[in-house]
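Fold and contact review
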Amino acid sequence: MKKELTRIPQDFDGFQSFTQNHDLPIFIFGADIVGKVMSELLKSHGITVNAFIDNNKNKCNVNIGDIKVIHAPELAKENQDSIILIASTYIADIIAQLEDMGFLNWLPIYNILEDKKNTDLESFLVGDLRYNHSGGGFTQDFDSFVLSNMINSQKKYLDPESLYIRSVDLILTEKCSLKCKDCSNLMQYYEKPININIEELYQDLDDLCTVADEINEIRIIGGDPFMHKECHKVVQHAASFKQVNKVVIYTNGTICPPEEKIALMAHEKTFVFITTYGDLSRNAEKLGDMLKKYNIPFNIQDAYGWTDCGDIKLYDRDQGQLDELFRFCCAKNFTTLTDGKMYRCPFAANTDRLSAMPESTDNSISLRNISKQSPAEIQQQKQNLSHYLRDITSIPACNSCNGRTYGDPEIKPGIQVKQAIEYTKYYNHS
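A brief structural summary. These numbers were taken from a predicted model, which means no experiment stands behind them.

This part is about the overall build of the protein. Summing up its helical and strand segments, the protein has 12 helices and 13 strands in all. By the compact-globule yardstick of 22 Å for 430 residues, the protein fits well, its C-alpha radius of gyration being 22 Å. With respect to the principal axes defined by its C-alpha atoms, the protein has extents near 65 × 50 × 45 Å. Residue pairs in contact within the protein that sit at least 24 positions apart in sequence constitute 75% of those at least 6 positions apart. With an accessible surface of roughly 19300 Å², the protein has 47% of that area assigned to carbon and sulfur atoms. Separation between the mean location of the 45 positive side-chain charges and that of the 59 negative ones in the protein comes to 3 Å.

Shown next, in the form of structure tokens:
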């Protein structure tokens, strides 16, 4: 019979005392930047971590320092009284996963990290710890960005009274300076891509911030958002909302906007994520230098982690199969805003934009013009959105997706095609 333990203290001193008085294995769920910081912090105080755990099998091929990384299902072989430190923003999903396996001694790590806020946590990330499982590095600006995301997301997501959204992808454009064959955002299918009207983008942000209590980051995406000549204005507008903590621009390093536009994007909330594709990202260094000039923090990193999820095909899955696909999907929390509607993932959003699947109102939830509604209507839509983001078990779009499961085999990123890829179009879309 499993031994029941008192809930583990979540402050650092209490946790350290608990580990000294209980000889239990310690695991860190999340083999990435924050997990590494947590491991090194514990090591500096004489606390041993037995292993990292991760849902992504691709991260389990290499050790982190001298600590092994085990695939999450293998945890079932371990002592159920083990202490599991959750180093992931997707804390609700992981709690459910752990408790399904019978592990109750989990705890979020945000309190421990906040207790050590006067410690230079970023200084732990040295040597090989600055590289991901594919061998790519990340810039120092990214350290504090990821740590603050983790702390805030864990703290706020567990608050049942607040509608907290970890991230929202705002689609600015269907245009991209690259045409990657396996793009998970499906840009390779747009034959005549367009930019989204800026007034529509403003309205979408207004509506979203009417119902959301807090959004940790608005992700400015495309295509490549710098293909939209008014990208800087959208960044400014997104940063103006008190509900928004960060505005992150995702670009491929092929375009460096004019200096005056970069200057206008400078804001304490702004962060730029540059994903590079070798020689194709010809302006990545120039863009980085310009961002430094205006003190805009950024990360520049080679593309990695691509899987075969850029195909659109109508399957014949039953509800159980759809729920299973959704349950293990690594993109189900990449909420995406376009056309006045919120989608659970960019695949669903772009498949709908392309009319590449049978039409269904269950794929999204409309926010259009909610900012102009009565308080009672706003509250009702807030509840509807909360249910959509936290409680549903799948969406009809899952039946058109190849799946995007943690640990799927990785493929070469950025393979280019010359023309838009053909697909089946459904003409029942309004």
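By the element assignment, lysine 382 lies in helix α12 (residues 375-390). For lysine 382, a relative accessible area of 18% puts it in the buried group. Distance from lysine 382 to asparagine 195, taken between C-alpha atoms, is 29 Å for residues 187 residues apart in sequence. With residues near it in sequence (within four places) discarded, lysine 382 still touches Leu163, Val211 and Asp213.

In terms of nonpolar packing, the biggest core is built from 119 residues, with Phe15, Leu85, Ile165, Ile218, Ile220, Met342 and Leu385 touching the most fellow members. Sort the elements by how many residues they give to this core and helix α6 (residues 198-211) lands first, with seven residues. Here isoleucine 218 is in contact with Val168, Leu170, Leu205, Leu208, Ala238, Val244, Lys246, Val247 and Val248, once residues within four sequence places are set aside. Core analysis: the next-biggest nonpolar cluster, separate from the first, contains 15 residues, Ala72, Ile84, Ile86 and Ile91 among them.

So, how was this worked out
Residues numbered from 1 in each chain as written. Predicted model: local features only at pLDDT ≥ 70, side-chain atom pairs only at ≥ 80, totals over all residues. Heavy atoms only, no water. Helix = DSSP H or I, 4+ residues; strand = E, 2+ residues; numbered from the N terminus. Rg over C-alpha atoms; globule rule 2.2 N^0.38 Å. Contact = heavy atoms within 4.5 Å. Areas by Shrake-Rupley, 256 points an atom, 1.4 Å probe, with all protein chains shown as cover. Lys, Arg positive; Asp, Glu negative; His and termini not counted. Charge placed at Lys NZ, Arg CZ, Asp CG, Glu CD. Buried < 20%, exposed > 50% of the residue type's maximum accessible area, 1.4 Å probe, protein only. Core = buried A, V, L, I, M, F, W, Y, C linked by side-chain atoms within 4.5 Å.

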